[in-house]
Amino acid sequence: MGRAPSHREQVEFLLQIQRLLEEALFVASYKPALLIALADVAVELGTDGEPLTVDTSQLAERFVRLYWRQAAPYAAGPGRRSKVLLQNAGKQAAIVNAVEEARALHDGRFSTVKRDPKAWNRLIRSVARTIQTMPLWKLQTVGKERLSFLYENLDKGTTVTLNATAVYCLRRFHTLVVDLAQSAWMRFLRGLKPNRRVLGDVQDLRTFLFGSDRASLLTYRHLLLKAQDGRCFYCDGALRARDAAVDHFIPWTRYPVDLGHGFVVADARCNTQKSDRLAGLRHLNRWIDRNERHGDDLAADFDHADVVHDLGASWQVTRWAYSQGVAAGAQAWIKGSRNDGVMEPIEPDWLGLLPGAT
Ligand SMILES: [Zn+2]
């Protein structure tokens, strides 16, 4: 593991992210999308303090994940016409067209297109090409200035190498970077005239665009319940399907990407008490055990229910979240409420329990 950037370097990094999102000219939503994709690969594929080389296909996969939801028609409320939001000044963004076409051919189901290698590869190739010609070498241009704080601007090729400081900071400040990028993305969409007629003054634009941890998760809680033998993940109490709450093992507020293996079911009490905290060692062990034993079965069920999943990425996200907890000296939740709950410090050796640890 390389050296951690100094505090000064970390602040400098965040200031550059802010400049990039506030001062740079957007002609499409590709720049914030690329920034979110880079932050996600840093968590899912990166290691603290080491540079990370990624290619446009890897980024394209994250783009498809991001735009999949957004390429569905948006309806602001009863009586308003629903329409796919414009993501480009001028005609619709090429990536939205490609994703919309894939949605239409596969009944809107992400897992169906992903399981069709021909359709999936065609989609990824098309999106990867657009990433290469559009945002990849323009992302760091702010006015007349060209920044290179994320990666070197080679202006050609299909790979970029995030430098060690960028990888460290994207992992450290993932929530913040994604939040800033989502806000910039929404500002851009609201600013496009044709969208204003569709949007009205809606409150739930962020939920539509970027997803949420709410109702839709309930549709597949029975899959998780089966893998947990009908018991609450945290307290092992018997759990009826209608009382089961779907819980993000790594809290949504820490990593707002839904990946199937990252979910557990719990009773309402445990779900509420855990809240946005990381779970303690016995829970972590149980989560690892469940996914090692039932991971493949769950993957098949997730495909069937059209839930995005990637067990390798889920291991990485969990390792990342706990390493952040170690760095912050955070306490993990074992049981009980916020005020009189039982907590324990997160220990560095927990990270070694996760498969693929080096
Ligand atoms: Zn419980």
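Above this text sits the structure in question.
So, here is what we can say about the structure in this document. (Residues numbered from 1 in each chain as written. Predicted model: local features only at pLDDT ≥ 70, side-chain atom pairs only at ≥ 80, totals over all residues. Heavy atoms only, no water.)

Overview of the pattern of salt bridges
As enumerated under the stated definition, the model contains 13 salt bridges in all. Between Arg146 and Asp155 there is a salt bridge whose closest N-O contact spans 2.9 Å. The partly exposed category is assigned to Arg146, whose relative accessible area is 38%. A salt bridge links Asp247 to Lys274; its shortest N-O distance comes to 3.1 Å. Of this pair, Asp247 sits in strand β5 (residues 245-248) while Lys274 sits in helix α12 (residues 268-274), placing them 27 residues apart in sequence. Of the two residues examined, Asp247 and Lys274, each falls in the buried class. Salt bridges here are not isolated pairs; linked through shared partners, they connect Asp40, Glu44, Arg62 and Arg65. (Salt bridge = Lys/Arg side-chain N within 4 Å of Asp/Glu carboxyl O. Buried < 20%, exposed > 50% of the residue type's maximum accessible area, 1.4 Å probe, protein only. Helix = DSSP H or I, 4+ residues; strand = E, 2+ residues; numbered from the N terminus.)

A look at the coordination of the zinc ion
Protein coordination at the zinc ion comes from Cys232 (SG), Cys235 (SG), Asp267 (OD) and Cys270 (SG), with a distance range of 2.3 Å. Seen from the zinc ion, its 4 donor atoms lie at angles of 93 to 125°, and the figure they make is tetrahedral. Sequence spacing of the donors to the zinc ion: C-x2-C-x31-D-x2-C. One end of the pair, Cys232, is in the loop between α11 (221-227) and β5; the other, Asp267, is in the loop between β6 (263-266) and α12, and 35 residues separate them in sequence. Judged by relative accessible area, which is 0%, Cys232 ranks as buried. Asp267 sits in the buried class, given a relative accessible area of 15%. (Donors = N, O, S within 2.8 Å, 3.2 Å for Na, K, Ca; no water. Tetrahedral: all angles 85-135°; square planar, octahedral: opposite > 155°, others 65-115°.)

What about the packing of helix α4 (residues 94-105) against helix α6 (residues 117-133)?
Viewed as axis vectors pointing N to C, α4 and α6 meet at an angle of 170°, and their least axial separation amounts to 9 Å. What the angle tells us is that α4 and α6 run roughly antiparallel. Listed contacts from α6 to Ala94, Ile95, Ala98, Val99, Ala102 and Leu105 of α4 are Arg122, Leu123, Ser126, Val127, Thr130 and Ile131. Grouping the amino acids of the contact of α4 with α6 by side-chain chemistry returns 9 nonpolar, 2 polar and 1 charged. (Axes fitted to C-alpha atoms, helices over the stretch in contact; angles between N-to-C directions. Parallel < 35°, antiparallel > 145°, perpendicular 65-115°, else oblique. Contact = heavy atoms within 4.5 Å. Nonpolar A, V, L, I, M, F, W, Y, C, P; charged D, E, K, R; others polar.)

Some details on the pairing of strand β7 (residues 331-335)
Where β7 meets strand β8 (residues 342-345), 4 bridges bridge the pair, whose relative direction is antiparallel. Its bridge partner being in β8, Gln331 is matched across the sheet by Pro345. Between β7 and β8, which pair antiparallel one after the other, the connecting turn spans 6 residues, and Gly336 there sits at a positive phi close to 95°. (Pairing = 2+ DSSP bridges.)

Considerations on the environment of Asn339
The topology assignment puts Asn339 in the loop between β7 and β8. A residue is classified by how much of its surface remains accessible, and Asn339, at 78% relative accessible area, is exposed. Sequence-wise, Asn339 and Pro73 are 266 residues apart; in three dimensions their C-alpha atoms are separated by 44 Å.

Regarding the packing of aromatic side chains
Two measures describe an aromatic ring pair: the distance that separates the ring centres and the angle between the ring planes. Tallying each qualifying case throughout the model produces 15 aromatic pairs. Ring geometry for Tyr30 versus Tyr67: centroids 6.4 Å apart, planes at 75°, classification edge-to-face. Of this pair, Tyr30 sits in helix α2 (residues 30-45) while Tyr67 sits in helix α3 (residues 56-70), placing them 37 residues apart in sequence. With relative accessibility at 4%, the residue Tyr30 sits in the buried group. Each residue in the set Phe233, Tyr234, Phe249, Trp287, Trp315 and Trp333 is aromatic and connected to the rest through ring pairs, giving one cluster. (Phe/Tyr/Trp six-rings, centres within 6.5 Å; stacked < 30°, edge-to-face > 60°.)

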